[in-house]
Amino acid sequence: MTQTSYIDIIRKIDSFPYEEDAFYYKLRTHDNSATLGYITPTISQYFQDEQDILLNTEKKTLTLSPNLDTIEKRNALFSLIATKWRKIPCFSESLDKGWRDELYTVYNPTHTPYVQIERAFSVLIGVITYGVHINGYIPAHKSSNGKLKMWVPRRSATKPTYPGMLDNTVAGGLGYPYGIWETVIKECHEEAGLGEEFVNTHIRSAGVVLYIYEPNGRKDTVQPEVEYIYDLEFDNETDVLPYPEDGEAEDFTLMDVNEVLERLLNNEFKPNCGLVVTDFLIRHGYITPESDKNYLEIVSRCHRIMPFPTI
């Protein structure tokens, strides 16, 4: 496998330009007060027959109609469009493959739910999606070989996205109506068979990472993501063991930090999980200003300021 560096891992997932990009159309709110997402010109053209979304090719905007003044109206419109687009050949494969019957909330103003959108459809309109990522680990002083270890699952070969790649111990999207903590407890149980009592007594909040990803390369789609990060400390290597509860993972492997570093640099982790693991290694002192000349850029680009209203 091709050896990479930590900054390459971050640049791969935080791949959207930082300068103003006039290529994309802006999805605007019904009162024209805020931008909710970025949409490619090609995808934008599929809205031209939608009476409740006003396409302006000169200004490169897609503005919701003023009559969409309630969340219920906006939900109904986007549900109708997403369902209709499943029948369009260029979208049907990606939408059918990723369709979850799971709604993601878009906010405007900040903290205020504005619309709920099918998870698979959200990437086509470039709105922020949210999730939780949990690093299960054994600290060096509790490890059998004196090295920090992490529980690393391998994604199922049948997963619609990134099959067979390495993942964080637990991760999951913030689907409506679950809150952040509810999602932590739910995903720990569903993905790793970890009970609520164990999670409550062994986990701690460890920050947030933010990035904007172009999943299939430049000028395709835009995927802004906000991930709430938690560290889950295991007492030892035997008493509590994660296992594939729901089939999302094939197995869990306890890797010491040297193996994690090697697999990370070999691009074996799902891209955004690579960023999350890098962030973990920074916080635990395994990537430092002395060990990596790109330390400042790495840290900065794990915490991007979003150009949209947020949770």
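Criteria and thresholds
Residues numbered from 1 in each chain as written. Predicted model: local features only at pLDDT ≥ 70, side-chain atom pairs only at ≥ 80, totals over all residues. Heavy atoms only, no water. Phe/Tyr/Trp six-rings, centres within 6.5 Å; stacked < 30°, edge-to-face > 60°. Helix = DSSP H or I, 4+ residues; strand = E, 2+ residues; numbered from the N terminus. Domains from an automatic or database assignment. Contact = heavy atoms within 4.5 Å. Buried area = accessible area lost by both parts, 1.4 Å probe. Salt bridge = Lys/Arg side-chain N within 4 Å of Asp/Glu carboxyl O. Polar contact = N/O pair within 3.5 Å; in protein donor to acceptor, adjacent residues only side chain to side chain.

Undergrad: When you look at the packing of aromatic side chains in this model, what are you seeing that I'm missing?
TA: Scanning the entire structure with this criterion turns up 16 aromatic pairs. With 4.9 Å between their ring centres and 55 degrees between their planes, Phe47 and Trp85 make a pair best called tilted. With Phe47 in the loop between α2 (41-44) and β3 (53-56) and Trp85 in helix α3 (residues 71-85), the pair connects residues that are 38 residues apart, well separated along the chain. When the ring of Trp181 is compared with that of Tyr230, the centres are 6.1 Å apart and the planes differ by 55 degrees; the resulting orientation is tilted. With Trp181 in helix α6 (residues 180-192) and Tyr230 in strand β11 (residues 223-233), the pair connects residues that are 49 residues apart, well separated along the chain. Cluster of aromatic residues (ring-pair linked, three or more members): Tyr46, Phe47, Phe78, Trp85, Phe91 and Phe121.

Undergrad: Help me understand the domain arrangement of the protein chain in this model?
TA: The extent of an interface is frequently quoted as the accessible surface area lost upon association of the parts. The domain architecture assigned to the protein chain consists of domain 1 (6-15 + 131-302) and domain 2 (25-125). Each side of the interface is counted separately: domain 1 has eleven residues, and domain 2 has 13 residues. Of the roughly 970 Å² buried between domain 1 and domain 2 on both sides combined, carbon and sulfur atoms contribute 59%. For the domain 1 face of the interface with domain 2, the top three residues by lost area are Pro160, Tyr176 and Val222, together amounting to 49%. Linking domain 1 with domain 2 are zero salt bridges, by the criterion used here. Our count for the domain 1 to domain 2 interface comes out at one residue pair in polar contact (both at pLDDT 80 or more).

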